[in-house]
Amino acid sequence: MHSLPPCPHWICRQNQINLKKASCIVFIDEIDAIGQKRDGRAGGNDEREQTLNQLLTEMDGFEENTGVMILAATNRPESLDPALTRPGRFDRRVPVELPDLQGREAILRVHAKKVNLCDNVDFGSIARMASGASGAELANIVNEAALRAVRDNREYVTQADLEESIEVVIAGYQKKNSILTDQEKKVVAYHEIGHALVAAKQTNSAPVQKITIVPRTSGALGYTMQVDEGNHYLMSQEELENKIATLTGGRAAEELVFHSASTGASNDIEQATKLARAMITCYGMSPDFDMVALETVTNQYLGGDASLACSAQAQAEIDKQVIALVKRQHQKAGKILEENRNKLDELAEYLYQKETITGEEFMKILNQ
Ligand code: ZN
């Protein structure tokens with residue numbers, strides 16, 4: 001599970017800048033540097049405003065169709081001056097979202113043109129595994145795979161190179177010397193199986209591509225590669241709750257088996273809290289608050305900071321409901337694991353022995 005980098009926002013316009021070099025394409029990167037909203041304060045940033053004014057004038061020139069295309073990119077479309085994004089200046093906005101499955105496959109093919117490939121390479125399956133990866137990360141995956149092939153004195157990049165490099169890009173390199181004690185390895189195995197088992201029991205489908213308990217340089221002790229659910233734009237309340245339960249599944253397994261908690265769940269806790277809070281403040285999934293927005297998201301493309309827009313009293317109530325929601329799902333996860341204790345033990349033992357198992361192996365043992 002990893003967070004995603006922001007994606008740039010493109011705006012373009014068949015434009016009339018009076019250039020001697022027409023026809024041409026003018027590309028302005030990070031247009032927010034000069035295109036920020038004018039704040040109307042006297043004695044503001046004069047130079048920047050003059051630059052912007054000049055740009056606006058040039059783009060609105062008198063001559064039509066001189067064959068100049070202007071493209072600009074920004075991560076902060078909401079901070080641009082409205083005069084700049086008005087039709088006649090930049091006519092069209094093209095949000096560049098993270099690529100979907102088809103997009104990822106196509107991007108991989110473009111980057112892979114530069115390397116020698118083995119016949120067995122299946123871009124479809126690589127794209128499926130790299131769920132949530134950005135274009136830059138996909139380029140990096142191909143690059144890492146090529147480096148791995150070179151290190152092994154091979155002339156061709158294989159499927160295995162690409163698969164390993166997905167994990168390198170997402171979770172870092174494998175730590176060569178084992179740093180986990182035997183007991184720690186056991187705890188991590190139960191933790192990862194806890195996540196996967198809770199997910200599998202709620203949806204009755206294979207939730208993971210791969211689970212491994214080989215430590216990575218990013219600090220992750222275990223790592224679960226999730227199944228790409230395809231293009232999924234709407235999520236129901238039930239699905240969100242199940243997701244929270246899955247996130248608490250790791251800790252729930254530790255509690256059930258070892259009767260203690262470890263620090264391994266910090267990332268799960270962060271994600272579960274974020275999700276639960278969003279359900280109440282943004283998605284209107286709490287009966288008490290109905291369809292009232294309690295939070296406004298600013299800066300969608302740069303991390304999406306949210307700021308609360310409600311009374312202190314409501315804030316306290318939100319906190320209470322977030323805690324209750326996570327607690328309910330945590331208990332649900334605990335119950336699922338308790339009911340499937342045999343499978344939990346069996347799967348954790350198998351993962352402990354093999355260190356890396358595939359989703360198919362997981363489902364085979366689960367359904368035996
Ligand atoms: Zn976890």
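Located above this text is the structure these notes cover.
Caption draft 1: Local environment of the coordination of the zinc ion. Taken together, H191 (NE2), H195 (NE2), D268 (OD) and D268 (OD) make up the protein donors of the zinc ion, found 2.0 to 2.8 Å from the metal. Coordination at the zinc ion is irregular: its four donor atoms span angles of 51 to 149° at the metal. In terms of primary sequence, the donors binding the zinc ion are separated according to H-x3-H-x72-D. One end of the pair, H195, is in helix α8 (residues 182–203); the other, D268, is in helix α10 (residues 266–281), with 73 residues separating them in the sequence. As far as burial versus exposure is concerned, H195 and D268 are alike and both buried.

Caption draft 2: Summary view of the sheet that holds strand β9 (residues 356–358). Across the sheet, which stays open at both edges, the three strands sit in the order β6-β5-β9 with antiparallel pairing between neighbours. Each of the sheet's edge strands pairs with one partner strand only, and the pair in question is β6 (223–226) and β9. Going from strand to strand, the sheet's axes swing by 10° on average, the running direction of each strand aside. Sitting on the sheet, helix α12 (residues 341–354) is in contact with β5 (208–212) and β9, with an inclination near 125° to β9.

Caption draft 3: Here's a closer look at the pattern of salt bridges. Counting across every chain of the model gives 12 salt bridges. Ionic pairing is found between E339 and K335, a salt bridge with its closest N-O pair at 3.7 Å. Of this pair, E339 and K335 both sit in helix α11 (residues 312–339), four residues apart, roughly one helical turn. Accessibility classification places E339 together with K335 in one group, the exposed group.

Caption draft 4: Quick peek at the packing of α10 against α11. At their nearest, the axes of α10 and α11 sit 9 Å apart, and the two run at 125° to each other. Of the possible angle classes, the one that applies to α10 and α11 is oblique. Crossing hand, α10 versus α11: right-handed. On the side of α10, the interface is formed by A272, T273, A276, R277, M279, I280 and T281, while α11 contributes I318, D319, Q321, V322, L325 and V326. Along the lines of polarity and charge, the residues of the contact of α10 with α11 split into eight nonpolar, three polar and two charged.

Conventions we followed
Residues numbered from 1 in each chain as written. Predicted model: local features only at pLDDT ≥ 70, side-chain atom pairs only at ≥ 80, totals over all residues. Heavy atoms only, no water. Donors = N, O, S within 2.8 Å, 3.2 Å for Na, K, Ca; no water. Tetrahedral: all angles 85-135°; square planar, octahedral: opposite > 155°, others 65-115°. Helix = DSSP H or I, 4+ residues; strand = E, 2+ residues; numbered from the N terminus. Buried < 20%, exposed > 50% of the residue type's maximum accessible area, 1.4 Å probe, protein only. Pairing = 2+ DSSP bridges. Axes fitted to C-alpha atoms, helices over the stretch in contact; angles between N-to-C directions. Contact = heavy atoms within 4.5 Å. Salt bridge = Lys/Arg side-chain N within 4 Å of Asp/Glu carboxyl O. Parallel < 35°, antiparallel > 145°, perpendicular 65-115°, else oblique. Left-handed = near helix turned anticlockwise from the far one by under 90°. Nonpolar A, V, L, I, M, F, W, Y, C, P; charged D, E, K, R; others polar.

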